[in-house]
Amino acid sequence: MASKGGAVAAQVGDVGDVDADPSQLLFLKEFQVGDVEDVDADPSQLLFLKEFQNAETLLNSKVHMLLEQRKKQNENAEGESELSKGFMKTLNYTSRFNRFKNRETIKAVRNLLQQKKLHKFEQASLANLCPEAAEEAKALIPSLDGRFEDKELQQILDDMQTNRSFQY
């Protein structure tokens, strides 16, 4: 790490619950260099720093939904406060890369990916990136290479695309 301190974002509560309270979405924990073990993180080998080994993952679509809900709460509140630049940038990013438009689709895709022999990191990566071909998925998510035959991986991608195409 280059800086003397940093922040870790974490989900409070059950990340798999699409109906999570947006006011509990993120909290920041300050840490100093040295708090993290000197372990080389390598997502291509599914090796993560200790702080992230058991962390839950979020789909960009779910984050977008939660941020939109928080924005509406802010607009409806008396004494509406201005949302931070970071909040707005994150909302714009998730809006741009929002692949799944409703709760049912998010839940269906999450369930589909959880049924496969995929790590949580791979599940979130596949759902957030939505590659069209197995070769593209393996190029974007190297940990998939050698673990899945192209035909099996392509079926997963096709099933995800089917869920996307049946959105409202």
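Here the structure is shown first, and the text comes after it.
Treat the numbers as computed from the prediction; the structure is a model and nothing was measured.

Chemist: Tell me about helix α2 (residues 85–96), and please be specific about residues and values.
Modeler: With 12 residues, α2 extends 16 Å between its outermost C-alpha atoms, agreeing within 8% with the 16 Å of an ideal straight helix rising 1.5 Å per residue. Among the residues of α2, those classed as buried are Phe87, Leu91 and Thr94. Each buried residue of α2 lies within a common arc of 70° when the element is viewed along its axis, so the set occupies one face. The exposed residues of α2 that point more than 90 degrees off its buried face are Lys85, Lys89 and Arg96. Considering only its buried residues, α2 is in contact with α1 (60–76).

Chemist: Residue-level account of unusual backbone geometry, with values.
Modeler: The residue cysteine 130 is not glycine, and still its phi comes out positive at about 50°. Locating cysteine 130 in the fold gives a position in the loop between α4 (120–129) and α5 (134–140).

Chemist: Can you lay out the packing of aromatic side chains for me, pointing to particular residues and giving the numbers?
Modeler: Tallied over the entire structure, the rule returns 2 aromatic pairs. Between tyrosine 93 and phenylalanine 97 the ring centres are 4.8 Å apart and the planes differ by 45°, which places this aromatic pair in the tilted class. Residue phenylalanine 97 is classed as partly exposed on the basis of its relative accessible area, which comes to 25%.

Chemist: Outline the environment of lysine 117, supporting the account with residue identities and numerical values.
Modeler: Along the chain, the position of lysine 117 falls in the loop between α3 (103–114) and α4. Distance from lysine 117 to arginine 147, taken between C-alpha atoms, is 9.0 Å for residues 30 residues apart in sequence. In contact with lysine 117, not counting residues within four places along its chain, are Glu122, Arg147, Phe148 and Glu152.

Chemist: Break down the nonpolar core for me, citing the residues and quoting the values.
Modeler: Core analysis: the biggest nonpolar cluster contains 21 residues, and Leu113, Leu126, Leu144, Leu153 and Met160 have the highest contact counts within it. Contributing elements (two or more residues each) for this core: α3, α4, α5 and α6 (150–165). What methionine 160 contacts, discounting residues up to four positions off in sequence, is Phe100, Val109, Leu112, Leu113, Leu126, Ala127 and Cys130. In this structure, Val63, Leu83, Phe87 and Leu91 belong to the second largest nonpolar core, which totals 5 residues.

Chemist: Before we move on, can you summarise the packing of α3 against α6 with the specific residues and values?
Modeler: Two quantities define a packed helix pair, namely the angle between the axes and the distance from one axis to the other. Where α3 contacts α6, the axes come no closer than 10 Å and their chain directions differ by 170°. Classified by the angle between their axes, α3 and α6 sit roughly antiparallel to one another. Regarding α3 and α6, the two cross each other, and that crossing is right-handed. Note on element contacts: α6 touches α3 through Ile156, Asp159, Met160 and Asn163, opposite Thr105, Ala108, Val109, Leu112 and Leu113.

What counts and how
Residues numbered from 1 in each chain as written. Predicted model: local features only at pLDDT ≥ 70, side-chain atom pairs only at ≥ 80, totals over all residues. Heavy atoms only, no water. Helix = DSSP H or I, 4+ residues; strand = E, 2+ residues; numbered from the N terminus. Expected span 1.5 Å × (residues − 1). Buried < 20%, exposed > 50% of the residue type's maximum accessible area, 1.4 Å probe, protein only. Arc of directions from axis to C-beta. Contact = heavy atoms within 4.5 Å. Phe/Tyr/Trp six-rings, centres within 6.5 Å; stacked < 30°, edge-to-face > 60°. Core = buried A, V, L, I, M, F, W, Y, C linked by side-chain atoms within 4.5 Å. Axes fitted to C-alpha atoms, helices over the stretch in contact; angles between N-to-C directions. Parallel < 35°, antiparallel > 145°, perpendicular 65-115°, else oblique. Left-handed = near helix turned anticlockwise from the far one by under 90°.

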